[in-house]
Amino acid sequence: MAELKVKTRKTGATATVGRTGLPHVTSVTGGEIDIVTSPSQPGFNPLDLLYSSLSACLVLSARMAASSLGVLDKLTEVTAVVTGEKATEGLSRVEKFNIAFTIKGDFGDEIRNAIAHAAEDEICTVSNTIRGNPKFETVISG
């Protein structure tokens, strides 16, 4: 696969919550979202954001893969549905990610598989990070 040229941008987020109320998250580029905590409340909770990050990264990466494979002009739509299964023992975490790709376009299953695998295994920063073992550096202040 051809090497991808990626433009960088500032990334990061700040979440704030008071003694009561819901968390409010702001990105370094000015995006804002309020986080929900009730199962019946519409909106995004932290796990939804994790799944959202993975699904968005996968569809963008699939489009990049289609471009690298020379079939972007034949691609009409990519959907990635991401859900997960929480661990039943040990630390609270997602133990398994379930990914369902739908890749529509004027090409066969071989190209669809190549797009999906390149997106998930090579291009997507989020899937690569989740598969890895990233280090955490924490600073605490008062």
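Residues numbered from 1 in each chain as written. Predicted model: local features only at pLDDT ≥ 70, side-chain atom pairs only at ≥ 80, totals over all residues. Heavy atoms only, no water.

An unreviewed UniProt entry annotates the protein as OsmC family protein of Rhizobium calliandrae.

1. Notes on the pattern of salt bridges
Inspection of every chain in the model, using the stated rule, returns six salt bridges. Taking the shortest distance from any N to any O, the salt bridge between Asp109 and Arg112 comes out at 3.6 Å. Linking Asp109 with Arg112, this pair stays in helix α2 (residues 109-123), spanning three residues, or about one helical turn. For Asp109, a relative accessible area of 56% puts it in the exposed group. Given the relative accessible area of 23%, Arg112 is considered partly exposed. The partner of Arg131 in a salt bridge is Glu120, with the nearest N and O atoms 2.7 Å apart. (Salt bridge = Lys/Arg side-chain N within 4 Å of Asp/Glu carboxyl O. Helix = DSSP H or I, 4+ residues; strand = E, 2+ residues; numbered from the N terminus. Buried < 20%, exposed > 50% of the residue type's maximum accessible area, 1.4 Å probe, protein only.)

2. Looking at the pairing of strand β2 (residues 24-27)
Pairing geometry for strand β1 (residues 13-16) and β2, over four bridges, is antiparallel. Within β2, the residue paired with Thr14 across the bridge is Thr26. Bridging between β2 and strand β3 (residues 32-34) involves three bridges; their strand directions are antiparallel. Directly across from His24, in β3, lies its bridge partner Asp34. (Pairing = 2+ DSSP bridges.)

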